[in-house]
Amino acid sequence: MDWLDRVAKLRRWTNNGVRAPHKPLLLLYALGSYQQDADGELRYSAVEAELKRLLAEYGPSHPTTPAYPFHHLVSDGVWEVRTDRGPGSPGSGIGVLRSSGATGRLAPGLRAALGEEPPLLGRMARVLLDTHFPTSLHADLCEAVGLDLEQAETGAVPGADAAARRQRDRRMRELVLTAYEFQCAFCGYDGTLGASTVGLEAAHVRWWSHDGPDEVDNGLCLCSLHHKLFDKGVLGLAQNHRILVSDRFVGRSEASRRHVLDLADRPVIGPQPGRPPVAAHHRRWHEQQVFHGVPRQPAGPAPTR
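On a predicted model such as this, the values are computed, not experimentally measured, just so you know.

### Describing the sheet that holds strand S3 (residues 86-87)
Then, in step 1: Reading across from one edge, S1-S4-S2-S3 is the order of the four strands in this open sheet, with antiparallel pairing throughout. With one partner strand each, in any of the chains shown, strand S1 (42-43) and S3 form the two edges of the open sheet.
Then, in step 2: Taken strand by strand, helix H2 (residues 22-36) contacts S1, strand S2 (79-83) and strand S4 (103-106), and its axis lies near 80° from that of S4.

Now the structure itself:
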C-alpha cells in the first residue's frame, strides 16, 4: 500500500478555498505520539485540550472541535478508534467520545509499515507539512506535536530502545512562555491573535541537539526575530543576566539599531517570581559555543543637532 499517497489525499471538507487542517493536525500529533511510544493509544478525553490548542493556533479562525477529525480520520484508513465496548468510533459528538472512553491510534497496517520501514514516519510527516502548512510553521508544528523530524527521517526505531533515546517534551513551550509571562525576554513583545500567542517561541539556551534539556532553566521566551539572532550567535546572555550583542553584527538602519544594537547590556525581562532563570552552565555553553565575537558596549545617547 502506498501510505504516502494515502496521506497526501486525506479527504477534507472544502469550500471556496477555506482551510480544513483538522485531519492533518491530528495525524501529525499521532505520528509524534507514535515516535515516543509505538504501542500507545490516545484517549480522547486526555488529549482533547492539546488538540484543541493545536486547532486554535494552526487551524482556521472560526471555532472548531477535535472531535471531528478524531472520528472522521478513520475513513481514510490511517487511524482506528476503539471504545470501552470494543472496536469502532462512537461518532463525532464530543460527549460520546468522552463518555465511551474512546481511544485512537494509527491503523494496524500503518503501524506495521512503520515498524518495517522506520523512515516512512519522516516522509509522511513531510508530506503533511508540505501539503498543508507553510515552511515557516514546520519547526513550530513539530515542536507542538512532540515530533523530532530529523530523528524520524533517519529512521530511528521507536519501541524497545525508547528509554535509551531522549524524547522531546511538548510541554516545553507552554512552560517557558508561562514563566516569562508570554513576552519576549529581550524586547518585551507580547503579541496575540485571538486567544493564541503569535511570534513567540521557546528558545533553548543549550541546544536540544547538544544535550540541552527541555526545562525552564534552559529556556527563554523570545520573539521570532530574537530567537533567530540568539541561535545565530548575534545575541547572548551575560553572567548578570543582561543581553549581549556581538561586535560582529552590522546594522545601519534605524530598525537594526532599535531591535538589535540598543539591546546591549539591557537586563533580561523575567522570569516571573518562583520560576528559575537560565542556569549558569547552560548560559556558559551558549556563550562559548554559539555567541560570536565579543560583546558590544552599550550605545551612548543619540547625538543631538
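### Some words on the layout of surface pockets
It is a probe the size of a water molecule, rolled over the atoms, that shows where empty space is left.
Then, in step 1: Approximately 430 Å³ is the volume found for the second largest pocket.
Then, in step 2: Secondary-structure elements contributing two or more residues to the lining of the second largest pocket are helix H3 (44-58), helix H8 (138-144), helix H10 (172-179) and strand S6 (196-197).
Then, in step 3: Among the elements that make up the lining of the second largest pocket, the one with the highest residue count is H3 (six residues).
Then, in step 4: Among the residues making up the lining of the second largest pocket, the classes are represented as seven nonpolar, two polar and eight charged.

### Digging into the environment of Leu54
Then, in step 1: Structurally, the position occupied by Leu54 is in helix H3.
Then, in step 2: In sequence terms Leu54 and Tyr29 are 25 residues apart; their C-alpha atoms lie 9.1 Å from each other.
Then, in step 3: If sequence neighbours within four positions are ignored, Leu54 has contacts with Leu25, Tyr29, Gly59, Ala144 and Val145.

### Examining the nonpolar core
Within soluble globular proteins, side chains that are nonpolar generally end up buried alongside one another.
Then, in step 1: Core analysis: the largest hydrophobic core is formed by 44 residues, its most contacted members being Phe70 and Trp79.
Then, in step 2: Here Trp79 is in contact with Leu26, Ala30, Leu42, Pro69, Phe70, Leu73, Val74, Gly104, Arg105, Leu106 and Ala107, once residues within four sequence places are set aside.
Then, in step 3: With 31 residues, the next largest nonpolar core counts Tyr180, Cys184, Leu220 and Val268 among its residues.

### Regarding the state of the cysteines
Then, in step 1: On inspection of all chains with the given rule, the structure shows zero disulfides.
Then, in step 2: Free cysteine: Cys184, not disulfide-bonded; nearest cysteine sulfur from Cys187 at 3.6 Å.
Then, in step 3: Take Cys184: its relative accessible area is 0%, and that puts it in the buried class.
Then, in step 4: Of all cysteine sulfurs, the one in Cys184 lies closest to Cys223, which takes part in no disulfide; the gap is 3.9 Å.

The rules behind the values
- Residues numbered from 1 in each chain as written.
- Predicted model: local features only at pLDDT ≥ 70, side-chain atom pairs only at ≥ 80, totals over all residues.
- Heavy atoms only, no water.
- Pairing = 2+ DSSP bridges.
- Helix = DSSP H or I, 4+ residues; strand = E, 2+ residues; numbered from the N terminus.
- Contact = heavy atoms within 4.5 Å.
- Axes fitted to C-alpha atoms, helices over the stretch in contact; angles between N-to-C directions.
- 1 Å grid on protein atoms, 1.4 Å probe; cavity = no way out; pocket = protein on both sides within 12 Å on 5 of 7 lines; lining within 4 Å.
- Points joined across faces, edges and corners; volume = space filled by probe spheres on them.
- Nonpolar A, V, L, I, M, F, W, Y, C, P; charged D, E, K, R; others polar.
- Core = buried A, V, L, I, M, F, W, Y, C linked by side-chain atoms within 4.5 Å.
- Buried < 20%, exposed > 50% of the residue type's maximum accessible area, 1.4 Å probe, protein only.
- Disulfide = S-S within 2.5 Å.

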